[in-house]
Amino acid sequence: MELTCIVCPRGCPLVAERVGDDIKVTGNKCKKGMAFAVEELTNPKRTICSTVKTVFPEAPVLPVRVSSDIPKSRIFDVMKEINGVVVTERIHSGDAVIKNVLGLDVDVIATSSILTEN
């Protein structure tokens, strides 16, 4: 598998392949690149930024994100939960909109305080 490391600004071109029970990584200039490639092969994770609906006409949507990376395979499940939310209380940036979404030990949090700016 060919990858571009995103851990630092170097953007090392990586090649990762399974060799028996091991994973061989080439192209990395540091240990972080190796760890990135191994995780991409064994347990890829991603972040989500999105919006949720609100009941407030002055801010009909509120930007949100997950508080930590989630398994790539769960993105659509988490998005389904996010799409079902309607915020009915005025909250601040950093407040949880969904706590422990789908039992992943990750919260969906507000990234703006637009609901408290009046």
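Summarised in this report is the structure supplied together with it. (Residues numbered from 1 in each chain as written. Predicted model: local features only at pLDDT ≥ 70, side-chain atom pairs only at ≥ 80, totals over all residues. Heavy atoms only, no water.)

A word on the overall build of the protein chain
So, point 1. Of the regular secondary structure elements, the protein chain holds two helices and ten strands.
So, point 2. Its helices and strands in sequence order give the protein chain the pattern β-β-β-α-β-β-β-β-α-β-β-β, from N to C terminus.
So, point 3. The C-alpha atoms of the protein chain give a radius of gyration of 18 Å, which is well past the 13 Å a tight globule of 118 residues would have.
So, point 4. With the C-alpha coordinates of the protein chain rotated into their principal frame, the extents come out at 55 × 30 × 20 Å.
So, point 5. A total of 118 residues make up the protein chain; the buried ones form 31% of that total.
So, point 6. Taking the intrachain contacts of the protein chain between residues at least 6 apart in sequence as the baseline, contacts between residues at least 24 apart amount to 48%.
So, point 7. Looking at the protein chain as shown, the accessible area adds up to about 7,600 Å², and 51% of this sits on carbon and sulfur atoms.
So, point 8. If you average the places of the 15 positive and of the 15 negative side-chain charges in the protein chain, the two averages end up 5 Å apart. (Helix = DSSP H or I, 4+ residues; strand = E, 2+ residues; numbered from the N terminus. Rg over C-alpha atoms; globule rule 2.2 N^0.38 Å. Buried < 20%, exposed > 50% of the residue type's maximum accessible area, 1.4 Å probe, protein only. Contact = heavy atoms within 4.5 Å. Areas by Shrake-Rupley, 256 points an atom, 1.4 Å probe, with all protein chains shown as cover. Lys, Arg positive; Asp, Glu negative; His and termini not counted. Charge placed at Lys NZ, Arg CZ, Asp CG, Glu CD.)

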